[in-house]
Amino acid sequence: DGRLTFYPGNQTVDLPIINFMKRYGTVFLNAYTNSPICCPSRAAMWSGRFTHLTESWNNFKGLDPDYVTWMDLMEKHGYHTQKYGKLDYTSGHHSLSNRVEAWTRDVDFLLRQEGRPMVNLTGDRKHVRVREADWQNTDKAVNWIKEEAINLTQPFVLYLGLNLPHPYPSPYAGENFGSSTFLTSPYWLEKVTFEAIKIPKWSSLSEMHPVDYYSTYTKNCTGDFTEQEVRNIRAFYYAMCAETDAMLGEMISALRDTGLLKKTIVIFTADHGELAMEHRQFYKMSMYEGSSHVPLLVMGPGVKEQQQVPNLVSLVDIYPTMLDIARIPVPQNLSGYSLMPLLCGKAGNEVSAGGSRPSWVLSEFHGCNVNSSTYMLRAGQWKYITYSDGRSVPPQLFDLSADPDELTNIAVKFPVVVQSLDKTLRSVVNYPEISASVQEYNKRQFISWKQSLGQNYSNVIANLRWHQDWLKEPKKYEDAIDKWL
């Protein structure tokens, strides 16, 4: 969650390495994901192009494997490149349930799809390495810096992708039930200031926006939660962020120990945030700040120190920035703009090789747990969220300066603002057309999957993530799918 990198969010948990990067570099106060889910977000970051241009619709459909990423171009121009950890930009290889849910989200039924969010404390005060796989990848990257990077005669670019602070799979609910367990150890939980944890306000289920209601239901959050449960989920999530911060620290220490830190640019960001029970939801897949606002910190030669940049930026800006750093010509077909002018402190007259940066950012979502394609335009104090064809689902408008928690939808109150933002959005993406093509894609994918199963279809679909409900009335649900098709 990007809000943890600056005041007041950073008061809830001790993140010493993030603070180190702020002291010796630049923090972006308004950085957004271009799609709040793992694979489509990474597809935008690696391609420098918006989701509707790469057609990375869900966690299964990312970039074409032969797409030329910024790292490919840097390698071609003489950089030594190395990747460790989670990549997930061509396909997330997520469960079959995840795919089928993304395809069938327009079907007129409500099924609980995720395990209910919960916390789990493991180990003792000495238990530091909770997410062992992430630590192993961090160790590999650290060793590479100390053994390989130090001896290189050419410049290098190193990428480390972590799973944390993503919630863990919930084995109690079976492999299909997603990742709804917030897991940490007492060591990390002690880094959290419980008194500073804000308990989010919730609308009643009946007052919820229809898409929010669907998401809350499919994320299994419609039941009762005590204040203690909500506080714990948030605290455990912050503790998982503290563990992530420590891995970043290992990387920076390795660069410092080898004398490389002074001549290396370090970028820290994330694919999306975590709602952690804001708006009665956990996970991402939402345009609310907890899910769509990401951290972005940069330090290194030429980067202004102790700078906070208020400009709106997003992950598609990484591609032209990397090329700008490496002095490689930037392709014309990108959606993003180099961050280098902002990083050097030229915020006032920012014009990069690709022209001047727009005053808005775009995010879109087409995957599971949300029953409509969603488009978000952030411009100035406004956040405008529209759905599907722009007519069948009511839009949302939030004034983030007056309502940072996004509790009051003022779309009806400010029709002129809505009209203006919608016009800007349509100049960037013909969203009714994109929504229709995603619907067609979903049907095609579902039909070919169904045909591949033959006689086995009824049995397979009944045992996916929603099976507890499905098995009670299989005919009702199969009929709903047939009607949709």
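The name that an unreviewed UniProt entry assigns to the protein chain is Arylsulfatase K, with the source organism given as Hemiprocne comata. Taken from UniProt, the Function (unreviewed entry) comment for the protein chain reads in full: "Catalyzes the hydrolysis of pseudosubstrates such as p-nitrocatechol sulfate and p-nitrophenyl sulfate. Catalyzes the hydrolysis of the 2-sulfate groups of the 2-O-sulfo-D-glucuronate residues of chondroitin sulfate, heparin and heparitin sulfate. Acts selectively on 2-sulfoglucuronate and lacks activity against 2-sulfoiduronate." Word for word, the UniProt comment on the protein chain under Sequence similarities (unreviewed entry) is "Belongs to the sulfatase family."

### So, the side chain of Thr69
As for its position among the elements, Thr69 is in the loop between helix 3 (51-54) and helix 4 (70-76). Among all residues touching Thr69, those that are not within four sequence positions of it are Trp46, Tyr89 and Tyr319.

### Some remarks on the sheet that holds strand 12 (residues 374-379)
Adjacent strands of a sheet pair through backbone hydrogen bonds, lying either parallel or antiparallel. One open sheet accounts for 4 strands, arranged 11-12-13-14; its pairing is antiparallel. Strands with a single pairing partner mark the edges of an open sheet, and in this sheet they are strand 11 (360-365) and strand 14 (396-399). Strand-to-strand twist across the sheet, computed as the mean angle between neighbouring axes with direction ignored, equals 15 degrees. Bridge analysis of strand 13 (residues 382-387) against strand 14 gives 4 bridges, and the strand direction is antiparallel. Across the sheet, residue Trp382 finds its bridge partner in strand 14, namely Asp399.

### Overview of unusual backbone geometry
At the junction of Tyr7 and Pro8, the peptide bond is cis and its omega measures out at 0 degrees in the coordinates. With respect to the helices, strands and loops of the structure, Pro8 is situated in the segment before helix 1 (16-23). A positive phi is found at Ser388, a non-glycine position, where the angle reads about 50 degrees. Counting through the fold element by element, Ser388 comes out in the loop between strand 13 and strand 14. Relative accessible area serves as the criterion here: at 16%, Ser388 is assigned to the buried category.

### Comments concerning the sheet that holds strand 7 (residues 296-299)
Overall, mixed pairing links the 4 strands, which are arranged 6-7-1-8 in an open sheet. Strand pairing shows two members of the sheet lacking a second neighbour, strand 6 (266-269) and strand 8 (307-314), which therefore form its edges. Neighbour-to-neighbour, the strand axes of the sheet open up by a mean angle of 20 degrees, direction not taken into account. Contacts between helix 1 and the sheet are confined to strand 1 (25-32), strand 6 and strand 7, with strand 7 contributing the most and set at about 55 degrees to the helix.

### Looking at the environment of Val460
By the element assignment, Val460 lies in helix 15 (residues 457-462). Val460 sits 364 residues away from Leu96 along the chain, and the two C-alpha atoms are 10.0 Å apart. When residues no more than four places from it in sequence are discounted, the contact partners of Val460 are Leu96, Trp449 and Leu453.

### A look at the state of the cysteines
One pass over the structure, following the stated rule, counts 0 disulfides. Counting only cysteine sulfurs, Cys38 is the nearest neighbor of Cys241, a cysteine outside any disulfide, at a range of 14 Å. Residue Cys241 is classed as buried on the basis of its relative accessible area of 9%. Free cysteine Cys368: the closest other cysteine sulfur is in Cys38, separated by 9.6 Å.

So, how was this worked out
Residues numbered from 1 in each chain as written. Predicted model: local features only at pLDDT ≥ 70, side-chain atom pairs only at ≥ 80, totals over all residues. Heavy atoms only, no water. UniProt positions renumbered as here; feature names shortened; annotations may be inferred. Helix = DSSP H or I, 4+ residues; strand = E, 2+ residues; numbered from the N terminus. Contact = heavy atoms within 4.5 Å. Pairing = 2+ DSSP bridges. Axes fitted to C-alpha atoms, helices over the stretch in contact; angles between N-to-C directions. Buried < 20%, exposed > 50% of the residue type's maximum accessible area, 1.4 Å probe, protein only. Disulfide = S-S within 2.5 Å.

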